[in-house]
Amino acid sequence: MASAASAPPTPATPGNLKRIVAASLIGTTIEWYDFFLYGSAAALVFNKLFFPDSDPLVGTLLSFLTYAVGFAARPLGALVFGHYGDRLGRKKLLVLSLLLMGGATFAIGLLPTHATVGSAAPVLLTALRLVQGFALGGEWGGAVLLVSEHGDARRRGFWASWPQTGAPAGQLLATGVLSLLTAVLSDSAFTSWGWRIPFLLSGVLVMVGLWIRLSVDESPVFKQALAQAEARKAERGADAEKLPIVSVLRHHWRDVLIAMGARMAENISYYVITAFILVYATTAADVSKQTALNAVLIASAVHFAVIPLWGALSDRIGRRPVYLLGAAGIGLWMFPFFSLIDTGSFGNLILAITVGLVLHGAMYAPQAAFFAEMFATRMRYSGASIGAQFASVAAGAPAPLIATALLDDYDSSTPIALYVIAAAVLTLIAVGVAKETRDRDLADVDSAADAAPVTTETADARTV
(Lines give C-alpha, C1' and ligand atoms only; values in the text may rest on other atoms or scores of the structure.)
Protein backbone atom coordinates (compact mmCIF):
# COMPACT_ATOMS: atom_id res chain seq x y z
CA MET A 1 0.00 0.00 0.00
CA ALA A 2 1.78 3.13 -1.17
CA SER A 3 0.52 6.02 0.87
CA ALA A 4 1.54 8.51 3.47
CA ALA A 5 0.62 5.90 6.00
CA SER A 6 3.50 3.73 4.87
CA ALA A 7 6.13 6.47 4.68
CA PRO A 8 9.10 5.79 6.95
CA PRO A 9 8.84 7.60 10.26
CA THR A 10 11.13 10.57 10.74
CA PRO A 11 13.73 9.83 13.44
CA ALA A 12 14.02 12.29 16.28
CA THR A 13 16.81 14.84 16.06
CA PRO A 14 19.58 14.47 18.67
CA GLY A 15 18.15 17.40 20.61
CA ASN A 16 14.61 16.05 20.55
CA LEU A 17 15.79 12.57 21.48
CA LYS A 18 17.62 13.91 24.52
CA ARG A 19 14.48 15.80 25.59
CA ILE A 20 12.40 12.64 25.19
CA VAL A 21 14.94 10.63 27.18
CA ALA A 22 14.91 13.30 29.90
CA ALA A 23 11.10 13.29 30.04
CA SER A 24 10.97 9.51 30.33
CA LEU A 25 13.78 9.44 32.90
CA ILE A 26 12.25 12.12 35.13
CA GLY A 27 8.83 10.50 34.95
CA THR A 28 10.11 7.02 35.78
CA THR A 29 12.30 8.44 38.55
CA ILE A 30 9.27 10.02 40.22
CA GLU A 31 7.15 6.89 39.83
CA TRP A 32 9.90 4.64 41.21
CA TYR A 33 10.55 7.11 44.01
CA ASP A 34 6.90 6.71 45.01
CA PHE A 35 7.01 2.93 44.69
CA PHE A 36 10.32 2.39 46.51
CA LEU A 37 9.50 4.89 49.21
CA TYR A 38 6.71 2.56 50.24
CA GLY A 39 9.08 -0.42 50.31
CA SER A 40 11.60 1.36 52.51
CA ALA A 41 8.87 2.65 54.82
CA ALA A 42 7.40 -0.87 55.00
CA ALA A 43 10.76 -2.16 56.23
CA LEU A 44 11.35 0.68 58.70
CA VAL A 45 8.13 2.04 60.22
CA PHE A 46 4.90 0.67 58.75
CA ASN A 47 5.03 -2.40 60.98
CA LYS A 48 4.80 -0.11 64.02
CA LEU A 49 2.30 2.37 62.58
CA PHE A 50 -0.18 0.07 60.90
CA PHE A 51 0.38 -3.34 62.56
CA PRO A 52 1.37 -2.44 66.14
CA ASP A 53 -0.24 -5.46 67.82
CA SER A 54 2.03 -7.97 66.06
CA ASP A 55 5.43 -9.37 66.94
CA PRO A 56 8.05 -7.08 65.29
CA LEU A 57 9.07 -9.59 62.62
CA VAL A 58 5.44 -10.62 62.03
CA GLY A 59 4.55 -6.95 61.76
CA THR A 60 7.28 -6.58 59.14
CA LEU A 61 5.83 -9.56 57.27
CA LEU A 62 2.38 -7.97 57.29
CA SER A 63 3.90 -4.69 56.18
CA PHE A 64 5.65 -6.41 53.27
CA LEU A 65 2.35 -8.13 52.45
CA THR A 66 0.76 -4.73 51.75
CA TYR A 67 3.93 -3.97 49.76
CA ALA A 68 3.32 -7.10 47.68
CA VAL A 69 -0.31 -6.09 47.04
CA GLY A 70 1.00 -3.26 44.86
CA PHE A 71 2.58 -5.83 42.57
CA ALA A 72 -0.72 -7.69 42.27
CA ALA A 73 -2.24 -4.61 40.65
CA ARG A 74 0.60 -4.18 38.17
CA PRO A 75 -0.67 -6.80 35.65
CA LEU A 76 -4.05 -5.06 35.59
CA GLY A 77 -2.27 -1.79 34.94
CA ALA A 78 -0.27 -3.48 32.18
CA LEU A 79 -3.45 -4.74 30.51
CA VAL A 80 -5.37 -1.46 30.72
CA PHE A 81 -2.50 0.91 29.92
CA GLY A 82 -1.11 -1.47 27.30
CA HIS A 83 -4.46 -1.64 25.51
CA TYR A 84 -5.03 2.10 25.41
CA GLY A 85 -1.35 2.84 24.88
CA ASP A 86 -1.42 0.71 21.72
CA ARG A 87 -4.69 2.35 20.62
CA LEU A 88 -4.29 6.00 21.68
CA GLY A 89 -0.54 6.50 22.02
CA ARG A 90 2.24 6.30 24.57
CA LYS A 91 2.26 9.92 25.76
CA LYS A 92 -1.35 10.22 26.97
CA LEU A 93 -1.10 7.10 29.10
CA LEU A 94 2.22 8.16 30.61
CA VAL A 95 0.65 11.40 31.83
CA LEU A 96 -2.21 9.47 33.42
CA SER A 97 0.12 6.96 35.12
CA LEU A 98 2.16 9.77 36.66
CA LEU A 99 -0.97 11.46 38.06
CA LEU A 100 -2.29 8.24 39.57
CA MET A 101 1.01 7.28 41.18
CA GLY A 102 1.72 10.74 42.56
CA GLY A 103 -1.80 11.16 43.90
CA ALA A 104 -1.75 7.82 45.72
CA THR A 105 1.67 8.50 47.25
CA PHE A 106 0.65 11.96 48.43
CA ALA A 107 -2.49 10.45 50.01
CA ILE A 108 -0.38 7.88 51.92
CA GLY A 109 1.38 10.81 53.55
CA LEU A 110 -1.98 11.98 54.89
CA LEU A 111 -3.20 8.60 56.17
CA PRO A 112 -4.27 8.13 59.78
CA THR A 113 -2.42 5.33 61.55
CA HIS A 114 -3.70 2.33 63.50
CA ALA A 115 -3.56 4.35 66.71
CA THR A 116 -6.10 6.80 65.25
CA VAL A 117 -8.58 4.73 63.23
CA GLY A 118 -7.72 1.13 64.14
CA SER A 119 -8.04 -1.57 61.50
CA ALA A 120 -9.22 0.93 58.89
CA ALA A 121 -5.65 2.24 58.65
CA PRO A 122 -4.08 -0.85 57.02
CA VAL A 123 -7.14 -1.17 54.76
CA LEU A 124 -6.68 2.39 53.46
CA LEU A 125 -2.95 1.80 53.11
CA THR A 126 -3.57 -1.33 51.04
CA ALA A 127 -6.07 0.48 48.78
CA LEU A 128 -3.58 3.23 47.99
CA ARG A 129 -0.88 0.64 47.41
CA LEU A 130 -3.15 -0.97 44.81
CA VAL A 131 -3.43 2.37 42.99
CA GLN A 132 0.37 2.68 43.04
CA GLY A 133 0.78 -0.77 41.55
CA PHE A 134 -1.85 -0.15 38.88
CA ALA A 135 -0.10 3.06 37.80
CA LEU A 136 3.38 1.52 37.75
CA GLY A 137 2.07 -1.42 35.71
CA GLY A 138 1.33 1.04 32.92
CA GLU A 139 4.29 3.37 33.38
CA TRP A 140 7.23 1.15 32.54
CA GLY A 141 6.12 -0.04 29.09
CA GLY A 142 5.18 3.41 27.86
CA ALA A 143 8.34 5.10 29.13
CA VAL A 144 10.78 2.68 27.52
CA LEU A 145 8.79 2.51 24.28
CA LEU A 146 8.63 6.28 23.91
CA VAL A 147 12.44 6.32 23.85
CA SER A 148 12.92 3.08 21.91
CA GLU A 149 10.58 4.20 19.12
CA HIS A 150 12.07 7.65 18.60
CA GLY A 151 14.97 6.55 16.43
CA ASP A 152 18.74 5.99 16.56
CA ALA A 153 18.45 2.23 16.14
CA ARG A 154 22.23 1.74 16.34
CA ARG A 155 22.24 3.01 19.94
CA ARG A 156 18.79 1.86 21.00
CA GLY A 157 20.14 -0.19 23.90
CA PHE A 158 21.96 2.85 25.28
CA TRP A 159 19.11 5.34 24.90
CA ALA A 160 16.41 2.93 26.07
CA SER A 161 18.44 2.13 29.17
CA TRP A 162 18.08 5.70 30.43
CA PRO A 163 14.44 5.29 31.52
CA GLN A 164 15.70 2.20 33.35
CA THR A 165 17.96 4.43 35.41
CA GLY A 166 14.73 5.85 36.84
CA ALA A 167 14.64 2.82 39.15
CA PRO A 168 17.98 3.48 40.91
CA ALA A 169 17.37 7.23 40.69
CA GLY A 170 14.02 6.76 42.42
CA GLN A 171 15.64 4.42 44.93
CA LEU A 172 18.41 6.96 45.44
CA LEU A 173 15.92 9.78 45.98
CA ALA A 174 13.65 7.77 48.29
CA THR A 175 16.50 6.34 50.34
CA GLY A 176 18.26 9.69 50.43
CA VAL A 177 15.23 11.51 51.79
CA LEU A 178 14.62 8.78 54.39
CA SER A 179 18.30 8.71 55.34
CA LEU A 180 18.34 12.48 55.82
CA LEU A 181 15.22 12.39 57.97
CA THR A 182 16.46 9.53 60.15
CA ALA A 183 19.74 11.43 60.61
CA VAL A 184 18.17 14.73 61.71
CA LEU A 185 15.12 13.40 63.55
CA SER A 186 14.90 11.27 66.64
CA ASP A 187 13.35 7.82 66.26
CA SER A 188 10.19 9.01 68.02
CA ALA A 189 9.85 12.10 65.81
CA PHE A 190 10.43 10.10 62.62
CA THR A 191 7.87 7.48 63.67
CA SER A 192 5.39 10.12 64.78
CA TRP A 193 5.38 12.49 61.78
CA GLY A 194 8.73 12.51 59.95
CA TRP A 195 7.89 9.50 57.78
CA ARG A 196 5.08 11.53 56.13
CA ILE A 197 7.40 14.13 54.61
CA PRO A 198 8.79 11.99 51.75
CA PHE A 199 5.28 10.94 50.73
CA LEU A 200 3.97 14.52 50.70
CA LEU A 201 7.03 15.59 48.70
CA SER A 202 5.71 13.45 45.86
CA GLY A 203 3.07 16.08 45.08
CA VAL A 204 5.76 18.61 44.14
CA LEU A 205 7.72 16.07 42.11
CA VAL A 206 4.65 15.06 40.10
CA MET A 207 4.02 18.67 39.03
CA VAL A 208 7.59 18.90 37.74
CA GLY A 209 7.26 15.55 35.95
CA LEU A 210 3.99 16.52 34.28
CA TRP A 211 5.40 19.79 33.00
CA ILE A 212 8.28 17.96 31.33
CA ARG A 213 6.30 14.95 30.10
CA LEU A 214 3.61 17.08 28.43
CA SER A 215 6.27 18.81 26.33
CA VAL A 216 7.34 15.74 24.30
CA ASP A 217 5.91 14.41 21.05
CA GLU A 218 4.25 11.07 20.41
CA SER A 219 6.44 8.28 19.00
CA PRO A 220 6.81 8.59 15.18
CA VAL A 221 6.82 4.81 14.86
CA PHE A 222 3.48 4.66 16.67
CA LYS A 223 2.06 7.46 14.50
CA GLN A 224 3.00 5.50 11.38
CA ALA A 225 1.49 2.29 12.74
CA LEU A 226 -1.70 4.13 13.70
CA ALA A 227 -2.00 5.62 10.21
CA GLN A 228 -1.57 2.18 8.67
CA ALA A 229 -4.19 0.73 10.99
CA GLU A 230 -6.66 3.46 10.06
CA ALA A 231 -6.01 2.79 6.39
CA ARG A 232 -6.65 -0.94 6.87
CA LYS A 233 -9.82 -0.19 8.79
CA ALA A 234 -11.08 1.98 5.95
CA GLU A 235 -10.36 -0.80 3.44
CA ARG A 236 -11.59 -3.82 5.39
CA GLY A 237 -14.23 -2.46 7.74
CA ALA A 238 -14.52 -1.40 11.36
CA ASP A 239 -13.69 -4.84 12.76
CA ALA A 240 -10.45 -5.32 10.85
CA GLU A 241 -8.08 -4.54 13.73
CA LYS A 242 -7.85 -7.03 16.57
CA LEU A 243 -7.50 -6.08 20.21
CA PRO A 244 -3.79 -5.69 21.11
CA ILE A 245 -4.00 -8.34 23.84
CA VAL A 246 -5.52 -10.83 21.38
CA SER A 247 -2.73 -10.19 18.88
CA VAL A 248 -0.09 -10.53 21.58
CA LEU A 249 -1.38 -13.88 22.83
CA ARG A 250 -1.86 -15.16 19.29
CA HIS A 251 1.40 -14.10 17.67
CA HIS A 252 3.79 -13.35 20.53
CA TRP A 253 2.94 -15.80 23.32
CA ARG A 254 6.46 -17.23 23.21
CA ASP A 255 7.96 -13.75 23.57
CA VAL A 256 5.71 -13.04 26.55
CA LEU A 257 6.94 -16.20 28.29
CA ILE A 258 10.57 -15.31 27.52
CA ALA A 259 10.08 -11.81 28.94
CA MET A 260 8.50 -13.25 32.09
CA GLY A 261 11.36 -15.69 32.57
CA ALA A 262 13.92 -12.97 31.93
CA ARG A 263 12.37 -10.89 34.70
CA MET A 264 12.65 -13.53 37.43
CA ALA A 265 16.29 -13.06 38.49
CA GLU A 266 16.27 -9.35 37.74
CA ASN A 267 13.13 -8.63 39.78
CA ILE A 268 13.73 -10.98 42.72
CA SER A 269 17.38 -10.02 43.20
CA TYR A 270 16.59 -6.31 43.13
CA TYR A 271 14.03 -6.41 45.91
CA VAL A 272 16.13 -8.74 48.03
CA ILE A 273 19.15 -6.44 47.63
CA THR A 274 17.35 -3.12 48.20
CA ALA A 275 14.22 -3.79 50.30
CA PHE A 276 14.77 -6.99 52.26
CA ILE A 277 18.33 -6.03 53.07
CA LEU A 278 17.03 -3.24 55.33
CA VAL A 279 15.41 -5.96 57.43
CA TYR A 280 18.30 -8.44 57.29
CA ALA A 281 21.05 -5.94 58.03
CA THR A 282 19.24 -4.38 60.99
CA THR A 283 18.12 -7.67 62.57
CA ALA A 284 20.45 -10.54 61.64
CA ALA A 285 23.62 -8.47 61.18
CA ASP A 286 22.85 -5.93 63.94
CA VAL A 287 23.54 -2.95 61.66
CA SER A 288 21.87 0.37 62.46
CA LYS A 289 18.99 1.59 60.32
CA GLN A 290 21.01 4.64 59.28
CA THR A 291 24.00 2.53 58.22
CA ALA A 292 21.84 0.20 56.10
CA LEU A 293 20.12 3.15 54.38
CA ASN A 294 23.45 4.82 53.64
CA ALA A 295 24.82 1.63 52.07
CA VAL A 296 21.80 1.32 49.79
CA LEU A 297 22.14 5.01 48.95
CA ILE A 298 25.77 4.68 47.83
CA ALA A 299 25.12 1.47 45.90
CA SER A 300 22.11 3.02 44.12
CA ALA A 301 24.32 5.86 42.88
CA VAL A 302 26.71 3.33 41.32
CA HIS A 303 23.75 1.39 39.92
CA PHE A 304 22.50 4.56 38.21
CA ALA A 305 25.91 5.15 36.62
CA VAL A 306 26.47 1.63 35.23
CA ILE A 307 23.05 1.03 33.62
CA PRO A 308 23.74 3.19 30.52
CA LEU A 309 27.15 1.51 30.19
CA TRP A 310 25.54 -1.93 30.14
CA GLY A 311 22.98 -0.60 27.64
CA ALA A 312 25.76 0.66 25.36
CA LEU A 313 27.51 -2.71 25.61
CA SER A 314 24.30 -4.44 24.50
CA ASP A 315 24.41 -2.32 21.32
CA ARG A 316 27.86 -3.72 20.59
CA ILE A 317 27.59 -7.40 21.50
CA GLY A 318 23.83 -7.97 21.72
CA ARG A 319 21.10 -7.97 24.37
CA ARG A 320 21.38 -11.68 25.25
CA PRO A 321 25.11 -11.85 26.17
CA VAL A 322 24.81 -8.88 28.55
CA TYR A 323 21.62 -10.21 30.10
CA LEU A 324 23.08 -13.70 30.56
CA LEU A 325 26.19 -12.23 32.21
CA GLY A 326 24.01 -10.41 34.73
CA ALA A 327 21.86 -13.44 35.53
CA ALA A 328 24.84 -15.75 36.03
CA GLY A 329 26.69 -13.12 38.05
CA ILE A 330 23.83 -12.43 40.44
CA GLY A 331 23.43 -16.14 41.14
CA LEU A 332 27.14 -16.55 41.90
CA TRP A 333 27.21 -13.44 44.08
CA MET A 334 24.49 -14.39 46.55
CA PHE A 335 26.57 -16.37 49.07
CA PRO A 336 29.41 -13.78 49.15
CA PHE A 337 26.69 -11.10 49.38
CA PHE A 338 25.28 -12.37 52.66
CA SER A 339 28.71 -13.30 54.03
CA LEU A 340 29.88 -9.73 53.62
CA ILE A 341 26.77 -8.32 55.29
CA ASP A 342 27.12 -10.73 58.21
CA THR A 343 30.41 -9.06 59.14
CA GLY A 344 28.50 -5.92 60.12
CA SER A 345 31.19 -3.76 58.47
CA PHE A 346 29.91 -0.67 56.66
CA GLY A 347 32.53 -1.10 53.94
CA ASN A 348 31.54 -4.72 53.38
CA LEU A 349 27.87 -3.74 53.34
CA ILE A 350 28.55 -1.19 50.59
CA LEU A 351 30.61 -3.74 48.62
CA ALA A 352 27.94 -6.44 48.88
CA ILE A 353 25.05 -4.22 47.75
CA THR A 354 27.06 -2.36 45.08
CA VAL A 355 28.33 -5.49 43.33
CA GLY A 356 24.83 -6.97 43.51
CA LEU A 357 23.29 -3.89 41.87
CA VAL A 358 26.02 -3.68 39.20
CA LEU A 359 25.22 -7.27 38.21
CA HIS A 360 21.51 -6.49 38.36
CA GLY A 361 22.15 -3.60 35.97
CA ALA A 362 23.50 -6.02 33.37
CA MET A 363 20.01 -7.52 33.22
CA TYR A 364 18.02 -4.34 33.71
CA ALA A 365 19.85 -2.14 31.18
CA PRO A 366 19.24 -4.17 27.98
CA GLN A 367 15.76 -5.21 29.13
CA ALA A 368 14.04 -2.11 27.71
CA ALA A 369 15.33 -2.51 24.16
CA PHE A 370 15.19 -6.32 24.36
CA PHE A 371 11.48 -6.40 25.24
CA ALA A 372 10.55 -3.58 22.84
CA GLU A 373 12.23 -5.41 19.95
CA MET A 374 10.21 -8.57 20.60
CA PHE A 375 6.81 -7.12 19.64
CA ALA A 376 5.15 -5.45 16.65
CA THR A 377 4.31 -1.77 17.10
CA ARG A 378 0.52 -1.97 17.49
CA MET A 379 0.86 -4.58 20.21
CA ARG A 380 4.23 -3.50 21.65
CA TYR A 381 2.92 -1.58 24.68
CA SER A 382 0.66 -4.51 25.59
CA GLY A 383 3.26 -7.20 24.92
CA ALA A 384 6.17 -5.56 26.74
CA SER A 385 3.98 -4.52 29.69
CA ILE A 386 2.29 -7.91 30.07
CA GLY A 387 5.59 -9.80 29.91
CA ALA A 388 7.22 -7.49 32.44
CA GLN A 389 4.38 -6.93 34.89
CA PHE A 390 2.85 -10.41 35.06
CA ALA A 391 6.30 -11.70 36.01
CA SER A 392 6.48 -9.15 38.82
CA VAL A 393 3.58 -10.88 40.61
CA ALA A 394 5.63 -14.07 40.99
CA ALA A 395 9.00 -12.33 41.27
CA GLY A 396 9.31 -8.92 42.91
CA ALA A 397 5.98 -8.96 44.75
CA PRO A 398 6.69 -11.84 47.14
CA ALA A 399 10.49 -11.50 47.19
CA PRO A 400 10.85 -9.46 50.42
CA LEU A 401 7.99 -11.46 51.96
CA ILE A 402 9.55 -14.82 51.08
CA ALA A 403 13.01 -13.69 52.16
CA THR A 404 11.68 -12.44 55.51
CA ALA A 405 9.73 -15.66 56.06
CA LEU A 406 12.81 -17.77 55.24
CA LEU A 407 14.86 -15.75 57.70
CA ASP A 408 12.19 -16.20 60.36
CA ASP A 409 11.93 -19.98 59.79
CA TYR A 410 15.63 -20.88 59.36
CA ASP A 411 17.46 -17.98 61.03
CA SER A 412 19.97 -18.24 58.18
CA SER A 413 20.72 -16.49 54.90
CA THR A 414 21.39 -19.77 53.07
CA PRO A 415 17.76 -20.45 52.00
CA ILE A 416 17.48 -16.84 50.81
CA ALA A 417 20.61 -17.17 48.69
CA LEU A 418 19.31 -20.43 47.20
CA TYR A 419 15.99 -18.69 46.42
CA VAL A 420 17.76 -16.01 44.34
CA ILE A 421 19.99 -18.63 42.68
CA ALA A 422 16.91 -20.60 41.57
CA ALA A 423 15.52 -17.42 40.00
CA ALA A 424 18.83 -16.87 38.21
CA VAL A 425 18.63 -20.37 36.71
CA LEU A 426 15.11 -19.66 35.38
CA THR A 427 16.32 -16.44 33.77
CA LEU A 428 19.35 -18.14 32.21
CA ILE A 429 17.03 -20.70 30.60
CA ALA A 430 14.55 -18.07 29.33
CA VAL A 431 17.15 -15.75 27.83
CA GLY A 432 19.17 -18.70 26.58
CA VAL A 433 16.34 -19.89 24.34
CA ALA A 434 15.48 -16.38 23.11
CA LYS A 435 16.64 -15.03 19.77
CA GLU A 436 18.91 -12.00 19.60
CA THR A 437 16.88 -8.84 18.81
CA ARG A 438 19.56 -6.15 18.50
CA ASP A 439 19.29 -5.83 14.69
CA ARG A 440 15.49 -5.69 14.48
CA ASP A 441 14.00 -2.54 12.96
CA LEU A 442 11.17 -1.00 14.98
CA ALA A 443 10.30 1.28 12.07
CA ASP A 444 9.46 -1.70 9.86
CA VAL A 445 5.82 -1.70 10.94
CA ASP A 446 4.65 -4.84 9.20
CA SER A 447 0.88 -5.31 9.29
CA ALA A 448 0.99 -9.04 8.56
CA ALA A 449 0.06 -9.92 12.11
CA ASP A 450 -3.23 -8.09 11.65
CA ALA A 451 -3.89 -9.50 8.22
CA ALA A 452 -3.29 -13.23 8.54
CA PRO A 453 -2.20 -15.93 10.96
CA VAL A 454 1.50 -15.76 11.72
CA THR A 455 3.45 -18.53 13.43
CA THR A 456 6.02 -17.81 16.10
CA GLU A 457 8.75 -18.85 13.69
CA THR A 458 7.47 -16.41 11.04
CA ALA A 459 7.27 -13.59 13.57
CA ASP A 460 10.84 -14.30 14.66
CA ALA A 461 12.09 -14.38 11.05
CA ARG A 462 10.87 -10.91 10.16
CA THR A 463 11.61 -7.63 11.89
CA VAL A 464 9.02 -6.20 14.22
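Residues numbered from 1 in each chain as written. Predicted model: local features only at pLDDT ≥ 70, side-chain atom pairs only at ≥ 80, totals over all residues. Heavy atoms only, no water.

Student: Would you mind going over the overall build of the protein in detail, with residue names and values included?
Tutor: Broken down by element type, the protein carries 21 helices and zero strands. Across the 464 residues that make up the protein, the buried fraction comes to 60%. Of the roughly 16,200 Å² of accessible surface on the protein, 68% is carried by carbon and sulfur atoms. (Helix = DSSP H or I, 4+ residues; strand = E, 2+ residues; numbered from the N terminus. Buried < 20%, exposed > 50% of the residue type's maximum accessible area, 1.4 Å probe, protein only. Areas by Shrake-Rupley, 256 points an atom, 1.4 Å probe, with all protein chains shown as cover.)

Student: Break down helix α19 (residues 414–433) for me, with residues and values.
Tutor: The end-to-end C-alpha distance of α19 is 29 Å, a good match for the 28 Å that 20 residues give at a rise of 1.5 Å each. All of the buried residues along α19 are P415, I416, A417, Y419, V420, A423, A424, T427, A430 and V431. Next to the buried residues of α19 lie α13 (253–283), α15 (319–342) and α18 (399–410). (Expected span 1.5 Å × (residues − 1). Contact = heavy atoms within 4.5 Å.)

Student: Can you tell me about the packing of α13 against α19, naming the residues and giving the values?
Tutor: Orientation of α13 relative to α19, taken along the N-to-C sense of each, is 150°, at an axis distance of 8 Å. Comparing their axes, α19 and α13 come out roughly antiparallel. Considering only the axes of α13 and α19, their crossing is left-handed. Residues R254, I258, G261, A262, R263, M264, A265, I268, S269, V272 and F276 of α13 lie in contact with α19, whose contacting residues are I416, Y419, V420, A423, A424, L426, T427, A430, V431 and V433. (Axes fitted to C-alpha atoms, helices over the stretch in contact; angles between N-to-C directions. Parallel < 35°, antiparallel > 145°, perpendicular 65-115°, else oblique. Left-handed = near helix turned anticlockwise from the far one by under 90°.)

Student: Lay out the packing of α13 against helix α14 (residues 289–317) with the relevant residues and their values.
Tutor: The relative placement of two packed helices is expressed as an angle between their axes plus a distance between the axes. The geometry of α13 relative to α14 is characterised by a closest axis approach of 8 Å and an angle of 160° between their N-to-C directions. When the interaxial angle is binned, α13 and α14 end up roughly antiparallel. Here the hand of the crossing between α13 and α14 comes out right-handed. From α13, Y270, T274, I277, L278, A281 and T282 reach across to α14, where they touch K289, A292, L293, V296 and H303. Residue composition of the contact of α13 with α14, by class: seven nonpolar, three polar and one charged. (Nonpolar A, V, L, I, M, F, W, Y, C, P; charged D, E, K, R; others polar.)

Student: If you had to explain the packing of aromatic side chains to someone new, which residues and values would you point to?
Tutor: The tally for this structure, following the rule as stated, stands at 16 aromatic pairs. Residues F158 and W159 carry aromatic rings whose centres are separated by 5.1 Å and whose planes lie at 65° to one another, so their mutual orientation is edge-to-face. Each member of the pair, F158 as well as W159, is classed as buried. Relative to Y280, the ring of F276 lies with its centre 5.9 Å away and its plane at 40°, an arrangement referred to as tilted. In this pair, F276 and Y280 are both assigned in helix α13, four residues apart and thus about one turn of the helix distant. There is no split in this pair, since F276 and Y280 are both buried. Taken together, the ring pairs connect F46, F50, W195 and F199 into an aromatic cluster. (Phe/Tyr/Trp six-rings, centres within 6.5 Å; stacked < 30°, edge-to-face > 60°.)

Student: Let's hear about the pattern of salt bridges: which residues, and what values?
Tutor: Applying the stated criterion across every chain, the model contains eight salt bridges. For E266, the salt bridge goes to R263, with nearest N and O atoms at 2.8 Å. Pair noted here: E266 and R263 are both in helix α13, with a separation of three residues, about one helical turn. On the basis of relative accessibility, which here comes to 2%, the residue E266 falls in the buried class. Salt bridges sharing common partners tie together D86, R90, E149 and R380. (Salt bridge = Lys/Arg side-chain N within 4 Å of Asp/Glu carboxyl O.)

Student: Lay out α18 with the relevant residues and their values.
Tutor: For α18, built from twelve residues, the straight-helix expectation of 16 Å at 1.5 Å per residue is met to within 8% by its first-to-last C-alpha distance of 16 Å. Those residues of α18 that fall on the buried side of the exposure criterion are A399, P400, A403, T404, L406 and L407. Projected down its long axis, α18 carries its buried residues within an arc of 160°, all on one side. (Arc of directions from axis to C-beta.)

Student: Can you lay out unusual backbone geometry for me, pointing to particular residues and giving the numbers?
Tutor: Of note, D286 is a non-glycine position whose phi angle comes to about 55°, a positive value. Structurally, the position occupied by D286 is in the loop between α13 and α14. Of note in the backbone geometry, D411 takes a positive phi value of approximately 50° without being a glycine. With respect to the helices and strands, the residue D411 is situated in the loop between α18 and α19.

Student: Just give me the short version of the nonpolar core, but keep the residues and values in it.
Tutor: F46, F337 and I353 are the most contacted members of the largest nonpolar core, which has 136 residues in total. Sorting elements by how many residues they give to this core places α13 first, with 17 residues. Sequence-distant contacts of F337, defined by excluding residues within four places in its chain, comprise I273, I277, A352 and I353. (Core = buried A, V, L, I, M, F, W, Y, C linked by side-chain atoms within 4.5 Å.)

Student: Give me the side chain of R74: which residues, what numbers.
Tutor: Tracing the chain through its elements places R74 in helix α3 (residues 56–88). Buried and without a salt bridge, R74 has E266 as its closest oppositely charged side chain, separated by 7.5 Å. Once residues lying within four places of it in the same chain are set aside, the contact partners of R74 are W32, F35, G133, F134, L136, G137, R263, Y271, Q389 and S392. (Lys, Arg positive; Asp, Glu negative; His and termini not counted.)

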